[in-house]
Amino acid sequence: MSGRHHVSVRRDRLCCPICSSVLRDPVTVPCGHNFCRRCVRDRWDRDRDGGRPCSCPQCGRRFPSRPELVQNSTLSAVVRDTERRHQQLDGSPQVQKKARSSTGTPDGTRCRRHRRPLDVYCCTDERIICDLCASNEHRGHRIGGVEEERRRGEEELKTMRTELKQHLQKQEEKWENLGRMPEQVQEEAGLTKNYCESVIVNVMDSLQRHYRSLSQLIGAQREAAAAQVDASRQRLQVKMEAMKRRDAELDRLAQTDSSVHFLQSWPSVRLLCEEDLLPPPPQDSEDPLLPFQFTKRSVEQLGRKLEELCDKEFASICQTVPAESGEQQESEEESDDEDDVQPRYEASSSPLPGLIGLHRTEQKKEPEAREDFLQYACDVFLDPSTAHEDLVVSEGDRQVMLSPQKCKSPALRYPHRFLHRRQVLCREGLRAERCYYEVEVEGHKAEIALTYRGIDRKSRTKLSAFGGSANSWSLDRSTNYSVSHRADSVQLTKPPRHHRIGVYLSFRAGTLAFYEVADRMTFLYKIEAEFTEPLYPGFWLGDKCCIRICDLRS
């Protein structure tokens, strides 16, 4: 069996025309030239970002589309054999590095094609080239000297390091503040609990049973806030360690003597530093104490409105009941009590969270013009504690939209939220003789609904969907309108033409009507039913949808 023959190959024949180093993972392009896989891939990526067509970096041949890179296994074997023989002959592991060096340039590097010093830097392509490459292949590009561009890069590096250190200092201060936050969370949770208790005790004794659920909510807020602080500290610690490593890397790059190495490494390092300087994600900016403030504000509002309502109604009773009335008059008033108790509260007065009362009104004809509907305008506000985790409530609890990115909060934080459907309820339950409100819808798909408070919020079945049971009614807005109830839908022929929807409820008469609101009211559909409980407005949001409750009092 004959011995294996070795063919002598000059090492400069095995160098990549782009990086001038021995080929690594060589690939062949359609014109037959060979390059390092990473070199030609990065070159074509830069050409694509600059709007230039793919071409061979050596001969300049253009390709109609980006070619698929084919690994040259034969050339890979030749490179390995050649390197092995050179190492055996020279007896030094630094042969490759010495072979690449030559005289005549500061770093001993010459252009592979023109054999001229690589003393020009193309800022457009971020490549070190010779003067012939600059005049032939880089016309119109921003060109500079290697040393000049290094000085400019060093100035950028110095500025970047200063900004990075300042940013790191701010992060460290924030981390220290978060270290003190758990104690504040515990203290604020205790203060909030005591504050809510003092407010509720001054209202009505019948509301005491609700305090237990409120206390559980505060406990859940405390746990969620503490978990948020811990998570933020962990994220900050990881980020600070990464920034410290980046600073060390910048320090090593600043001290390098090789301009070629500096200019080859700086663009990618600069991109990583810019990513480190990006603002923190929304979950890092959220105030852990915000849920406590919201709880206090909501309970305070509830107590104030309850007290105002009681003062007003007791004063009204004292004025309307004559002091000289006898037992017969008292008996007559008691007989009328069933008709008067519920109609006592006017929907246009300050709404009581969770329930809007009734007011005795004279028999009036149904409204027709928008001015007639506005007589029965009522204030409704969204209840963030019922909102699905993908929804964000804002604008004073009058606007809801899909979260721009996943910022999910634990389900334990709001035990009454919808778990599987992007739905939200309002705080107010409507049972006035006549109620009217308007909403503006942005987006393609949405549902405007009214439902009893006990709607299923945990299951994946249709019972948790608006219009999916006997206890909810829904106007579905998509390509066309439809109305849903008991999981059945009635398709309407009118497509949506305006973004504002008017909802008119006559609770005692048992009618619910939907309108499009523009210069005039456009009737959509009327529902007749026997309502046995207060109706809570609710909304379902499709993708890229936003719903805003209009303020009709201003």
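Further up the page is the structure itself.
Since this is a predicted model, take the numbers as computed values, not measurements.

J.: Before we go on, may I ask you to explain the overall build of the protein in this structure?
T.: Looking only at helices and strands, the protein features 12 helices and 19 strands. Within the span of the protein, comprising 554 residues, buried residues form 43% of the whole. A separation of at least 24 residues holds for 63% of the contacts in the protein among residues at least 6 apart in sequence. Within the structure as shown, the protein displays about 31400 Å² of accessible surface, and the carbon and sulfur contribution to it stands at 48%.

J.: Please clarify how the packing of aromatic side chains should be interpreted in this entry.
T.: The geometry of an aromatic ring pair is captured by the separation of the ring centres together with the interplanar angle, meaning the angle of the planes. Under the defined criterion, the tally for this structure stands at 11 aromatic pairs. The rings of Phe 373, Tyr 376, Tyr 436, Tyr 504, Tyr 515 and Phe 523 are connected pair by pair, giving a single aromatic cluster. Here the guanidinium or amino end of Arg 233 rests over the ring plane of Trp 175, the centre of that ring lying 4.4 Å away.

J.: What is the right way to look at unusual backbone geometry in this model?
T.: Of all residues except glycine, most have a negative phi; of all peptide bonds, most are trans. With phi around 65 degrees, Ser 20 is a residue other than glycine that occupies positive phi space. For Ser 20, the position within the fold is in the segment before β1 (26-28). A relative accessible area of 17% means that Ser 20 is categorised as buried. Of note in this structure, Lys 544 is not a glycine but carries a positive phi near 55 degrees. Tracing the sequence through the fold places Lys 544 in the loop between β18 (536-541) and β19 (546-549).

J.: Can you walk me through the pattern of salt bridges in this structure?
T.: Proximity of charged atoms lets side chains of opposite charge pair with each other. Applying the stated criterion to the full structure yields 30 salt bridges. The closest approach of N and O atoms between Asp 131 and Arg 116, which form a salt bridge, is 2.7 Å. Here Asp 131, found in helix α4 (residues 131-137), pairs with Arg 116, found in the loop between α3 (95-100) and β4 (120-122); they are 15 residues apart in sequence, far enough to count as distant. In this structure, Glu 149 engages Arg 152 in a salt bridge whose closest nitrogen and oxygen atoms are separated by 3.4 Å. With Glu 149 and Arg 152 both in helix α5 (residues 146-201), this residue pair falls 3 residues apart, about one helical turn. One salt-bridge network, held together by shared partners, links Arg 370, Glu 438, Glu 440, Glu 442, Arg 500 and Arg 548.

J.: How do you make sense of the pairing of strand β10 (residues 435-442) when you look at a structure like this?
T.: Along any regular strand the residues' side chains alternate between the sheet's two faces. Among the 8 residues of β10, 6 are classified as buried, and the element is accordingly described as predominantly covered. Inspection of the sheet shows β10 paired to strand β15 (residues 500-506) by 6 bridges, in the antiparallel sense. Directly across from Tyr 437, in β15, lies its bridge partner Val 503. Pairing analysis gives 4 bridges linking β10 to β19, with the strands arranged antiparallel. Bridging across to β19, Val 439 finds its partner in Ile 549.

J.: Could you clarify how one ought to interpret the nonpolar core in this entry?
T.: Generally speaking, nonpolar side chains in soluble globular proteins are found buried as a group. Counting 39 residues, the largest nonpolar core has Val 439, Leu 505, Leu 512, Phe 539 and Ile 547 as the members making the most contacts within it. Ranked by residue count, the leading element in this core is β10, at 4 residues. Every residue in contact with Leu 512, bar those within four places of it in the chain, is listed here: Leu 450, Trp 473, Val 503, Tyr 504, Leu 505, Tyr 525, Lys 526, Ile 527 and Phe 531. One finds Leu 157, Met 240, Phe 262 and Cys 273 within the second-largest nonpolar core, a separate group that totals 26 residues.

J.: Teacher, can you tell me more about the sheet that holds β18 here?
T.: Within a sheet, each strand pairs with its neighbour through backbone hydrogen bonds, oriented either parallel or antiparallel. The strand order across the open sheet built from 6 strands is β9-β18-β11-β12-β13-β14, with neighbouring strands paired in antiparallel fashion. Every other strand in the sheet has two partners, leaving β9 (423-425) and β14 (488-491) as the edge strands with one partner each. The sheet shows a mean angle of 20 degrees between the axes of neighbouring strands, direction not considered. Pairing geometry for strand β12 (residues 472-477) and strand β13 (residues 481-485), over 4 bridges, is antiparallel. Paired with Leu 475 across the bridge in β13 is Val 483.

J.: Looking at this model, I keep getting lost on the environment of Pro 495. Mind explaining?
T.: Its place among the elements puts Pro 495 in the loop between β14 and β15. Along the primary structure Pro 495 and Asn 480 are separated by 15 residues, whereas in three dimensions their C-alpha atoms are 4.2 Å apart. Beyond its immediate chain neighbours, meaning those up to four positions away, Pro 495 contacts Thr 479, Asn 480, Tyr 481 and Glu 516.

About the thresholds
Residues numbered from 1 in each chain as written. Predicted model: local features only at pLDDT ≥ 70, side-chain atom pairs only at ≥ 80, totals over all residues. Heavy atoms only, no water. Helix = DSSP H or I, 4+ residues; strand = E, 2+ residues; numbered from the N terminus. Buried < 20%, exposed > 50% of the residue type's maximum accessible area, 1.4 Å probe, protein only. Contact = heavy atoms within 4.5 Å. Areas by Shrake-Rupley, 256 points an atom, 1.4 Å probe, with all protein chains shown as cover. Phe/Tyr/Trp six-rings, centres within 6.5 Å; stacked < 30°, edge-to-face > 60°. Lys NZ or Arg CZ within 6 Å of the ring centre and 35° of its normal. Salt bridge = Lys/Arg side-chain N within 4 Å of Asp/Glu carboxyl O. Pairing = 2+ DSSP bridges. Core = buried A, V, L, I, M, F, W, Y, C linked by side-chain atoms within 4.5 Å. Axes fitted to C-alpha atoms, helices over the stretch in contact; angles between N-to-C directions.

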